[in-house]
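Each chain is listed here by its residues.
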Amino acid sequence: MSKFIIFYLCVLIHNANLMDVTYYEILGVSKQAATQEIKQAYKKLAVKYHPDKNSDETTQEKFLKITEAYETLKDPEKRRKYDVYGSHAAYTKKYDHQTQSEYDNLFKNGLYHNDPYVVSLSSTNFFSYLSGGLHFINFYSPFCPPCHRLVDHWKRFAETYQGIVKVSAVNCKYHKSFCINTMSIGSHPTLVFFLNGVHGNFIHYEGEDTFDGLEKFMMKYLKNKIHVPIISQLRSLEKPVAYVLDTNVIEDRALTRIAYRLKGLVTVVMIDDEDLRDDLSEDPDVTVVFQYKNIYVEISSTDEKTIIKQIAQSLPVGEIDPEKFKNIRNKLRSCGKKSWVIYFPSKDDDNLLLHQFKIKFPDLNFGTIDCISQEELCASLQIESTPCWALLKGGGAYQRSCTHPETFIQNSADAYNLHTLSTAEIQKIMDGRAGTWVLLVVPHNASWEHLAKPFTDASKYYLDKYINFGIMECSLQTARYCGAGQGRPAVLLQQGADTHLYKGELNTENLADFIQLIKDSGSTPLPPPPESAKMYLPADCGQPCRDLQHQWRIIARRLRPLQDLRVGVLQCAEPRALCANVRAPSARLYLVNNKQHYTLNLQQKSEAPYILEWVLDHLDKSVTKLTWHSFANQVLAHDFDPQMYKRPWLVYFQSPQCYHCLEKYPDFALASIFMGKVVNFGKVNCASERNLCQQEHITSQPTLRLYIRSQQGYKSVSLDLDDYNTLMDEVRPYLPSSNLDGLLASLYLSTEKMLFKHDEL
C-alpha cells in the first residue's frame, strides 16, 4: 500500500503545473548552481523534450517552461531579479489584478494607504518627516511578492511599537527616481533603521521579514538603551517611580517597551520580594504601583497600553483656562521670549507625548487646554478637532498644527513672526490695514505639509525686518480667501493694498529672493545712476512672464555682490513713458555715463545663464576674448622684464554649446570685476579656436587655467570654479607679495552687507 502511495505522489509531482515550482526545480539544479551547470542541465532537458521529437502538447509545454527557466537563469541580472521577485507568471497568478483601475490604484497608493500606524512617505515629505528620533522605513514595490508577504508583519510591528519608533513606507514603484537616485535603493523590500532621523546613522535590516525577526532586531536596540532593575528597597517619592509587583505577569518584551516609552519621565523597576510587595499594595490583583509625591495609583491590568496610559494620566500637567491664556500672551507681547507649547488633548488622552516633549524641549513652557470644558477658547484658537498642538511665541504670535507635532515644535518655536490667521486677521491684511505680510493660503483639505519648513525658514530670515508671515488654512466657510492658487496652496506677498503672487518652486532661497525684490521695489522708474538692469513685461503676458520673473530672481541673486547695480522689473500694466512700445518681454541695461542702453529680447533668450552672460559682457570689459593670435601675444608673451611685475592671466575655456559653461561663467566674470586690477582675465571659445584648445590640452569644458610668468618662462595651473569667492582665494597665493595690499583692497567684500536694489515686481 505504501509503495502505491509513493508511486501515486511521484506521478502527481511529475504532472504538476511547472508554474508551481521554481525555475531551479524545472531545470533540476540547486539555487547555488553555476551558469555552466545551468547550461548543461538545459541541454539535456532540451534534447529530451524538444518539439521535433515530441508531438504531444504536454511535452511541448514542458519544453517552453524549460526554455523560459533557462533564459532567465543564464543571465546574471535576470537571475538576480528572479531571486528577489520571482517569475512574472508566478507573481501574476498570486497577485492578479482584475482591472486596470485596481492596478492603477495599487501603483499610486501602494500597500499601506491610510494605514493608521504606517506612514506613507514620498520625496516631498521624506526629509521633513525624518527630523529626528527612531525611524524604520520600508522601501518597497507594490508588485513585489516578498513585499506583499511582509505587509501584515510590518503593520503589526508598527502598531506594537507605536510611540517608540516611527514606522513608515515608501512606494518605490511610484517614487522610483527618489528611491534609486536619492536613497540608492536597489532591491525590494529594503528596510532601513534610522537612529536619529536623516541626521544620524542608519542600519540596513538584514534579518527575517517577519514580525518575530523585526521584534528581535528592535529589542536588541532597546535593551542597549533601557534596563529594568530588580530592587530590594523602595525609591524616594521625589521622582516618579512605577513598581512592577510580579515579574512573571508582564512579558519581558512588553516590560521593555513600557520602560522605554516612559524613559526620562518615570523610572520602572521590578519587585521580587514578597514583603516589599505587601508594603506597596495589599491587593493581590495589582500588577503595578505608581508613586510620585502625593500621587499613588494601583494598576491591575497586564496590558502594556493600559499601564502606560494610567501612569501618564497620573503625571501632573499645567491646565490653561481663558484667564491664564490671556496673561501668558500679554507677558509674551511685552517682554517674554520663552515660547509656550499648548496641547489640546482628545477625550481620555494619556498626555504621554506632551510629557515626552517636556523632556525633549526643556527651554519651552508646556500646558494643556481641554476643549470639552473650554469650548469657547478652543473655537477662538481655531481648534476644530483634537488632538492638536499650538505655539504661543515671543511677541504673542499664535500658530497651530495638527500634524507632525515634533517637527512643528522644532521648526516653529523660534519663528516669532509666523502666525496662524483668523478670518478677521486675513481680511484686515488683504484690505491693506496691517503692513507687509507674506501669506501661505491653503485651500480646504489641500496638502501643504511639504511647504511648512521652507515657509517657516523664510520667516526666520526676516525676523528683524518688520515683515510678518501668516498661514491661512481655509475651511468651506472661508473658501473665498483661497482662490489665488486655483485649488493648490499659494504664497502671496501683501504690501498695503497690493497683492503679489509667488510662482515657482517653493524653497527658502527662492522665496527670500521673491520677498526681497518686492520689498525694495518702488513705484518710480530706476534712476540713471547707478548702473541698472531692468526687465520690462507687457500687460497680460501670462505664464511666460511668470516663468521669466523666476529667472529674473535667479539673476538678481547672482548679481547681488555688485552693490552699484540695481536689478528691477517693470510691469507695463498701465501707460508709462518707459513702457512705450513694450509688446514682448525684454531686458534693458543702463550704464553710468552712457545715454544709450542695451536691450535684449527675452523671447529669444529666456533662461538665466544666457541673460547673465549678456549683462556681464556689457557691464564690464575685464574679460578679453582670446584667439590663437592674441593668446600667443598676450598670455604667452616672451618680452618679459624680470624687474617688472607682469599680471598673470586667468583663462576660461568654454564652448557655446556647453550649458554648464554658461552656468559657471557668472562667477568667473564676477571675479574679473573684483580682481581686474591685479589679474588679466580671458575667455576662449573652443568651438572656433579648436587648435588653441587642443594645444592647451583642453579635454572638457569649462576648464579654468591660471598662466603665471617667471624668469624661466611661464607655467599653467588648473583651478576649480565653485564660486567667485573661492576662485579669488585660490588665485591669491600665486600673486607676488608686493601686490597683496592692492589685492586685499580689491577683494574686500562682505556679501551679507551688500545692498542690491530692485524696482517693482
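Because the structure is a prediction, the values reported are computed rather than measured. (Residues numbered from 1 in each chain as written. Predicted model: local features only at pLDDT ≥ 70, side-chain atom pairs only at ≥ 80, totals over all residues. Heavy atoms only, no water.)

A. Representation of a negative patch on the surface within the structure. Taken together, the side chains of D246, D272, D273, E274, D275, D278, D279, E282, D283, D285 and E298 make up a negatively charged region of the molecular surface. Ranked by residue count, the leading element in the negative patch is helix α13 (residues 274–280), at 4 residues. Mapped onto the secondary structure, D275 falls in helix α13. Owing to a relative accessible area of 56%, D275 belongs among the exposed residues under this scheme. (Patch = residues over 30% accessible without salt bridge, like charges linked within 9 Å, V, L, I, M, F, W, Y side chains within 5 Å. Areas by Shrake-Rupley, 256 points an atom, 1.4 Å probe, with all protein chains shown as cover. Salt bridge = Lys/Arg side-chain N within 4 Å of Asp/Glu carboxyl O. Lys, Arg positive; Asp, Glu negative; His and termini not counted. Charge placed at Lys NZ, Arg CZ, Asp CG, Glu CD. Helix = DSSP H or I, 4+ residues; strand = E, 2+ residues; numbered from the N terminus. Buried < 20%, exposed > 50% of the residue type's maximum accessible area, 1.4 Å probe, protein only.)

B. Representation of the nonpolar core in the model. Grouped together as the largest cluster of nonpolar side chains are 55 residues, with contacts concentrated most on F136, W154, F157, V165, M218 and I311. Those residues in contact with V165 that sit more than four places away from it in its chain are L134, H135, F136, F157, F193 and M218. (Core = buried A, V, L, I, M, F, W, Y, C linked by side-chain atoms within 4.5 Å. Contact = heavy atoms within 4.5 Å.)

C. How the structure looks around helix α23 (residues 608–619). Between the first and last C-alpha of α23 there are 16 Å, a value that for 12 residues agrees with the 16 Å anticipated at 1.5 Å per step. The buried fraction of α23 amounts to 9 of the 12 residues, a majority that puts the element mostly inside the structure. Buried-residue contacts for α23 involve α22 (543–558), β22 (586–590), β23 (597–601), β25 (649–654), α25 (659–675) and β26 (680–685). (Expected span 1.5 Å × (residues − 1).)

D. Structural view of the state of the cysteines. Taken as a whole, this structure holds 4 disulfides when the rule is applied. Each sulfur in the disulfide pair C172 and C179 lies 2.1 Å from the other. The chirality of the disulfide connecting C172 with C179 is left-handed, given an S-S dihedral of about -80°. (Disulfide = S-S within 2.5 Å.)

E. Molecular detail of the sheet that holds strand β10 (residues 295–299). If you walk across this open sheet you meet the 5 strands as β6-β8-β7-β9-β10, and the pairing is mixed. A single partner strand is all that each edge strand has here, and the edge strands are β6 (230–231) and β10. Two strands pair when backbone bridges link them, and strand β7 (residues 241–244) and strand β8 (residues 267–271) are joined in this way by 4 bridges, in the parallel orientation. Note that in β8 the partner of Y243 across the bridge is V269. Against the sheet, helix α14 (residues 304–314) touches β7, β9 (288–292) and β10, its axis set at about 165° to β10. (Pairing = 2+ DSSP bridges. Axes fitted to C-alpha atoms, helices over the stretch in contact; angles between N-to-C directions.)

F. Main features of the environment of F178. Note on placement: F178 falls in helix α10 (residues 176–182). Accessibility expressed as a relative area gives 6% for F178, which makes it buried. The residues touching F178, leaving out its near neighbours within four places in the chain, are S123, F126, F127, V170 and M183.

G. The arrangement of the packing of helix α9 (residues 145–160) against helix α11 (residues 211–225) in detail. Packing of α9 against α11 brings their axes to within 9 Å, and their N-to-C directions diverge by 40°. Considered as vectors, α9 and α11 are oriented oblique to each other. As α9 packs across α11, the resulting crossing turns out to be right-handed. Between α9 and α11, the residues in contact are L150, H153, W154, R156, F157 and T160 and F211, L214, E215 and M218, respectively. The class makeup of the residues in the contact of α9 with α11 is 6 nonpolar, 2 polar and 2 charged. (Parallel < 35°, antiparallel > 145°, perpendicular 65-115°, else oblique. Left-handed = near helix turned anticlockwise from the far one by under 90°. Nonpolar A, V, L, I, M, F, W, Y, C, P; charged D, E, K, R; others polar.)

H. Main features of the sheet that holds strand β14 (residues 398–401). On the basis of which strands lie adjacent, the open sheet formed by 4 strands has the order β12-β11-β13-β14 and mixed pairing. What marks the edges here is a single partner per strand, and that holds for β12 (365–368) and β14. Averaged over all neighbouring strand pairs, the angle between strand axes comes to 20°, with direction disregarded. Note: strand β11 (residues 340–344) against β12, 4 bridges, orientation parallel. Bridge pairing in β12 links I342 to G367. Helix α16 (residues 352–360) rests against β11, β12 and β13 (388–392) of the sheet, and its axis sits at about 170° to β12.

I. A look at the side chain of R400. When you line up the elements, R400 lands in strand β14. What makes R400 buried here is its relative accessible area of 11%. Excluding anything up to four places from it in sequence, R400 contacts L381, Q382, I383, W389, A390, F408, T420 and E473.

J. Region of interest: the packing of aromatic side chains. Inspection of every chain in the model, using the stated rule, returns 34 aromatic pairs. Summarising the aromatic geometry, the rings of F193 and F217 are spaced 5.3 Å apart at their centres and angled 90° between planes, so their arrangement reads as edge-to-face. Highlighted residues: F193 in strand β4 (residues 190–194) and F217 in helix α11, separated in sequence by 24 residues. Ring centres of Y652 and Y665 lie 5.7 Å apart, and the angle between their planes is 50°; this geometry places the pair in the tilted category. Taken as a pair, Y652 in strand β25 and Y665 in helix α25 lie far apart in primary sequence, 13 residues in all. (Phe/Tyr/Trp six-rings, centres within 6.5 Å; stacked < 30°, edge-to-face > 60°.)

K. Up close: the pairing of β10. One ladder, built from 5 bridges, connects β9 with β10; its direction is antiparallel. For V288, the partnering residue across the bridge sits in β10 and is I299. In textbook terms, the turn of a hairpin is the stretch between consecutive antiparallel strands, and for β9 and β10 this stretch comprises 2 residues, one of which, K293, has a positive phi near 55°.

L. A look at the pattern of salt bridges. Using the criterion set out here, one finds 16 salt bridges in the structure. Among the salt bridges present, the one from E473 reaches R400, with a minimum N-O distance of 3.4 Å. You can see E473 sitting in strand β17 (residues 468–473) and its partner R400 sitting in strand β14, a full 73 residues away along the chain. E509 is paired through a salt bridge with R557; the nearest N and O atoms lie 3.6 Å apart. In this pair, E509 sits in helix α21 (residues 508–519) while R557 sits in helix α22, placing the two residues 48 residues apart along the sequence. For E509, a relative accessible area of 48% corresponds to the partly exposed category.

M. Representation of unusual backbone geometry. A cis amide bond links H188 with the next residue in sequence, P189, at an omega value of -10°. Within the fold, P189 resides in the loop between α10 and β4. One non-glycine residue, Q382, lies in positive phi territory at about 60°.

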